[in-house]
Amino acid sequence: MIQVEGLVKKYGDFQVLKSINFTVKKGSVFGFLGKNGAGKSTTMNILTGLINFNSGKITFDGLNFPENKNQILKKIGYLPENPVFYDYMTGEEYLHFIAGVSGFPKGSIKNRVEELLHQVKLTDAKDRRVGGYSRGMKQRLGLAVALFNHPQYLFLDEPTSALDPQGRLEMVELITELKDKSITVFLSTHILSDVERVCDEVCILDKGEILLSSSLEELQKKYIQPIFDITFENDCAKVAEELKNLPWVEKVVQEKRNLSLYAKDLEKAKRELINQLGKLDNPVVNYQIRQGNLEDIFIRLVNYNDII
Ligand SMILES: Nc1ncnc2c1ncn2[C@@H]1O[C@H](COP(=O)(O)OP(=O)(O)OP(=O)(O)O)[C@@H](O)[C@H]1O
């Protein structure tokens, strides 16, 4: 278990992390979410010992960090956002190189490399130069590096954000397989559908503060509610302004002719919305009530429109 209490990080006068608290349960996949600049990489860099922090307490399985840094780092694997390789080496050579520099027992290297290449599905590409790998393949090679020493804790910084849908799917599948091996995964991302697929716990960081920390299941129970999606014949910015002011409306998100309405009082919304729409001079061409997902929760909690 990782416990973070009152963690503060400052750069000069700028407080990047404003006394944050969270717990990562053993064996869970912990989704650490936030917009660009929220402080995700800073938190990961602190937890993986790359940078210091100003105040607060961090423990890994009850062991204080950084007092027991060397002991703790042995249990950690880290895949940075943009892993860097020697492009002239093949995937297999690169893993042998990593084994050498990390002091892995010589007699076991060959087997471990083979095992990892198989695990990250690069066996067929092991003799190709890394320079010719796709981004997805490079991320998977980076994952193999992070997994080399059988870590108990794996930190993945935006592992899917630069990938195409196929690459993302492959990475998410690999993370799901790690869950079965009881590795605790700390996954920083802003791709909400990936979080929904693979995470057990979710923590939302916004401007250096934790907005919410909960299991995905609780979050869905508490926040997921139906959403009214309406398409108009014409741009509906004016309609959105009018609806926003109604007492039973929580939030309205509008783009061109489309509008999504989140209701404070669902029963009232079901009855009143139709009446309101009938009074407008902008005809409705589509109206549906849809079950919300994690993206909708985010839109309600923070303005995530710029990243989704
Ligand atoms: N070395 C530094 N010196 C000064 N400010 C920094 C430094 N590193 C990060 N910051 C600032 O701290 C804030 C948080 O940055 P961080 O990289 O942790 O965010 P993030 O949530 O990981 O965002 P992204 O998704 O863009 O990587 C940003 O405002 C950033 O400009």
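Described in the following lines is the structure provided in the data block. What you are looking at is a predicted structure, and each value in this text was computed from that prediction instead of being measured.

Some details on the site of the ligand
Around the ligand, the neighbouring residues are Y11, V16, G34, N36, G37, A38, G39, K40, S41 and T42. Among the elements that line the shell around the ligand, the one with the most residues is helix α1 (residues 40-47), at three residues.

As for the packing of helix α5 (residues 135-147) against helix α6 (residues 165-180)
Contact pair α5 / α6: the axes reach a minimum separation of 9 Å and the direction vectors enclose 15 degrees. The orientation of α5 relative to α6 falls into the category roughly parallel. The handedness of the crossing between α5 and α6 is right-handed. For the pair α5 and α6, contact is made by R135, G136, Q139, R140 and L143 and by G167, E170, M171 and L174, respectively.

What to know about the sheet that holds strand β14 (residues 284-290)
With antiparallel pairing, the four strands of this open sheet are ordered in space as β12-β13-β11-β14. Of all the strands in the sheet, just β12 (249-255) and β14 have a single pairing partner and so form its edges. Each adjacent strand pair in this sheet contributes to an overall mean axis angle of 15 degrees, direction not counted. Pairing of β12 with strand β13 (residues 258-263) involves six bridges; the strand directions are antiparallel. Paired with V253 across the bridge in β13 is S260. With respect to the sheet, helix α10 (residues 266-278) is in contact with β11 (227-232), β13 and β14, its orientation differing from that of β13 by roughly 145 degrees.

Describing helix α4 (residues 109-119)
Among the residues of α4, V113, L116 and L117 are the ones counted as buried. Each buried residue of α4 lies within a common arc of 100 degrees when the element is viewed along its axis, so the set occupies one face. Every exposed residue of α4 that faces more than 90 degrees away from the buried side is listed here: N111 and H118. Where the residues of α4 are buried, they touch α3 (91-101) and α5.

Here we look at the nonpolar core
In terms of nonpolar packing, the biggest core is built from 65 residues, with V185 and F186 touching the most fellow members. With six residues, α5 is the single largest residue contributor to this core. For F186, the contacting residues outside a window of four places in its chain are V24, F30, F32, Y153, L154, F155 and L156. By size, the runner-up hydrophobic cluster in this structure holds 16 residues, among which are I227, F228, I230 and V252.

A few points about the packing of α3 against α4
Relative to each other, α3 and α4 sit at 130 degrees, their axes nearing to 10 Å. Between α3 and α4, the angle is such that the two are oblique. Once α3 is placed against α4, the crossing between them reads as right-handed. Taken together, the residues of α4 that come into contact with α3 (itself represented by G91, E92, L95, H96 and A99) are I109, R112, V113, L116 and L117.

With respect to the sheet that holds strand β5 (residues 63-65)
Pairing is antiparallel in the open sheet, where four strands are placed in the order β2-β1-β4-β5. Each edge of the open sheet carries a strand with a single partner, namely β2 (14-24) and β5. Averaged over all adjacent pairs, the angle separating strand axes in this sheet is 30 degrees, with direction ignored. Relative to β2, strand β1 (residues 2-11) is paired through eight bridges, and the arrangement is antiparallel. In the strand pairing of β2, I2 is matched with V24.

Concerning the pairing of β14
Counting buried positions along β14 yields zero of seven residues, so the element is predominantly exposed. Where β11 lies against β14, six bridges are found, and the strand directions are antiparallel. Note that in β14 the partner of F228 across the bridge is I289.

Some remarks on α3
Working note: α-helix, 3.6 residues per turn, so residues spaced by three or four point in the same direction. G91, E92, Y94, L95, I98 and A99 are the residues of α3 that are buried. End-on, the buried residues of α3 take up no more than an arc of 160 degrees, which puts them together on one face. Seen from the open side of α3, the exposed residues pointing more than 90 degrees away from its buried face are G100 and V101. Looking at the packing, one finds that the buried side of α3 touches α4 and α5. Within two residues after α3, G103 carries a phi angle of roughly 70 degrees, on the positive side.

Analysis parameters
- Residues numbered from 1 in each chain as written.
- Predicted model: local features only at pLDDT ≥ 70, side-chain atom pairs only at ≥ 80, totals over all residues.
- Near = placed C-beta within 6 Å.
- Helix = DSSP H or I, 4+ residues; strand = E, 2+ residues; numbered from the N terminus.
- Axes fitted to C-alpha atoms, helices over the stretch in contact; angles between N-to-C directions.
- Parallel < 35°, antiparallel > 145°, perpendicular 65-115°, else oblique.
- Left-handed = near helix turned anticlockwise from the far one by under 90°.
- Contact = placed C-beta atoms within 7 Å.
- Pairing = 2+ DSSP bridges.
- Buried ≥ 20, exposed ≤ 12 C-beta atoms within 10 Å, placed from the backbone.
- Arc of directions from axis to C-beta.
- Core = buried A, V, L, I, M, F, W, Y, C linked by C-beta atoms within 7 Å.

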